[in-house]
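# Results of the structural survey
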Amino acid sequence: MSADLHVRAHQFIAKEHVEGLAQESERLISAVHWARDPELLEAGDEIDGWNVHATPGHADGHLSLERDGVLIAGDTLLAPITPAVGLYPESRLDPLGDYLETLRALSELAPRTSYGGHGETISEPSARCARIARHHANRLDQTEAALGAEPRSGYDVSHDLFGQELPPIQRRFAVAETLSHLERLVALGRAGRREDDRTVAYTARSSGGRAL
């Protein structure tokens, strides 16, 4: 999804939330720090005995490290919470599809233990991958059930999935995650997307919405 399309997907956001979302975005930007002249890694590389695996989904360029059955998963695999998988400006078109493929690959890798960026150590990573995949399958069903013939924005659908009352930063994540599930439904042929020069909205597939 292009940055322009992502912006249009947010056109239905209530005006009272816009200022708070902008402030939270500025705060998050200020927390990002760039390393000068980094050494780029690719899937299949090795660094200090650790095998490098591409694990996109939570973040497009996310990498995980594995050695002797130990996985350094970062925020790709967490417990007890599920990692956020959202659609953001300039992100890959189907981050949830990427993430479900990452879960499949990690499950096949079958490490004996996994360490996340925060949270608990995971002693059965393959089982955790399966539980998270089931969570997203259920969330896809809930997202599909929220659609009908009338086009709805990701912002509107996020209220059905995450509730009505959220602070701006949590609403931002809720909308991004809702959009990732809506776009996965479009890719699967289970939902339609309708768009014009100003907005992007989603419909139940039977209503004739246009897919990617």
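Let me begin by describing the structure that accompanies this report.

What follows concerns the overall build of the chain. Of the regular secondary structure elements, the chain holds 6 helices and 7 strands. Across the 212 residues that make up the chain, the buried fraction comes to 41%.

Turning our eyes to something else, we now look at the pairing of strand β3 (residues 63-67). Each regular strand displays side chains that alternate between the two surfaces of the sheet. Only one face of β3 is covered, namely the face carrying Ser64 and Glu66; the face carrying Leu63, Leu65 and Arg67 is uncovered. Strand direction decides the pairing type here: strand β2 (residues 50-54) and β3, joined by 4 bridges, are antiparallel. Looking at the pairing, valine 52 lines up with leucine 65 of β3. Pairing geometry for β3 and strand β4 (residues 70-74), over 3 bridges, is antiparallel. Residue pairing across strands places glutamate 66 opposite leucine 71, the latter belonging to β4. Hairpin connection of β3 to β4: 2 residues between the antiparallel strands, including aspartate 68 at a positive phi of 50 degrees.

Further remarks concern the packing of helix α4 (residues 125-145) against helix α5 (residues 154-162). The interhelical angle for the contact between α4 and α5, taken along N-to-C directions, is 125 degrees, at an axis separation of 10 Å. Here α5 runs oblique to α4, going by the angle between their axes. As for how α4 packs across α5, the hand of that crossing is right-handed. In contact with Arg139, Gln142 and Thr143 of α4, α5 contributes Val157, Leu161 and Phe162. By residue class, the composition of the contact of α4 with α5 is 3 nonpolar, 2 polar and 1 charged.

This paragraph deals with the sheet that holds strand β1 (residues 46-47). Reading across from one edge, β1-β2-β3-β4-β5 is the order of the 5 strands in this open sheet, with mixed pairing throughout. Each edge of the open sheet is held by one strand with a lone partner, namely β1 and β5 (113-116).

Relative to the 30 Å expected for 21 residues at 1.5 Å per residue, α4 spans 30 Å between its end C-alpha atoms, a close match to the ideal helical length. Along α4, the residues that are buried comprise Pro125, Arg128, Cys129, Ile132, His136, Arg139, Leu140 and Thr143. Looking down the long axis of α4, one finds its buried residues gathered within 120 degrees of arc, a one-sided arrangement. Lining the buried residues of α4 we find α3 (95-109), β5, α5 and α6 (168-188).

This part takes up unusual backbone geometry. Cis geometry marks the peptide bond from alanine 79 to proline 80, where omega comes out at 5 degrees. Structurally, proline 80 is set in the loop between β4 and α3. Despite not being glycine, aspartate 48 has its phi angle at roughly 50 degrees, a positive value. In the Ramachandran plot, alanine 110 falls in the positive-phi region, its phi being about 55 degrees despite a non-glycine side chain. Considering the arrangement of structural elements, one finds alanine 110 in the loop between α3 and β5. For alanine 110, a relative accessible area of 47% corresponds to the partly exposed category.

A separate point is the pattern of salt bridges. Under the criterion given, the structure shown has 9 salt bridges. The residue arginine 104 makes a salt bridge to glutamate 101 at a minimum N-O spacing of 2.3 Å. With a gap of 3 residues between them, arginine 104 and glutamate 101 both fall in helix α3, about one helical turn apart. Accessibility expressed as a relative area gives 38% for arginine 104, which makes it partly exposed. Linked through salt bridges whose partners overlap, the residues forming this network are Glu101, Arg104 and Glu108.

Cut-offs used in this document
- Residues numbered from 1 in each chain as written.
- Predicted model: local features only at pLDDT ≥ 70, side-chain atom pairs only at ≥ 80, totals over all residues.
- Heavy atoms only, no water.
- Helix = DSSP H or I, 4+ residues; strand = E, 2+ residues; numbered from the N terminus.
- Buried < 20%, exposed > 50% of the residue type's maximum accessible area, 1.4 Å probe, protein only.
- Pairing = 2+ DSSP bridges.
- Axes fitted to C-alpha atoms, helices over the stretch in contact; angles between N-to-C directions.
- Parallel < 35°, antiparallel > 145°, perpendicular 65-115°, else oblique.
- Left-handed = near helix turned anticlockwise from the far one by under 90°.
- Contact = heavy atoms within 4.5 Å.
- Nonpolar A, V, L, I, M, F, W, Y, C, P; charged D, E, K, R; others polar.
- Expected span 1.5 Å × (residues − 1).
- Arc of directions from axis to C-beta.
- Salt bridge = Lys/Arg side-chain N within 4 Å of Asp/Glu carboxyl O.

Keep in mind that these numbers describe shape and distance, not what the molecule does.
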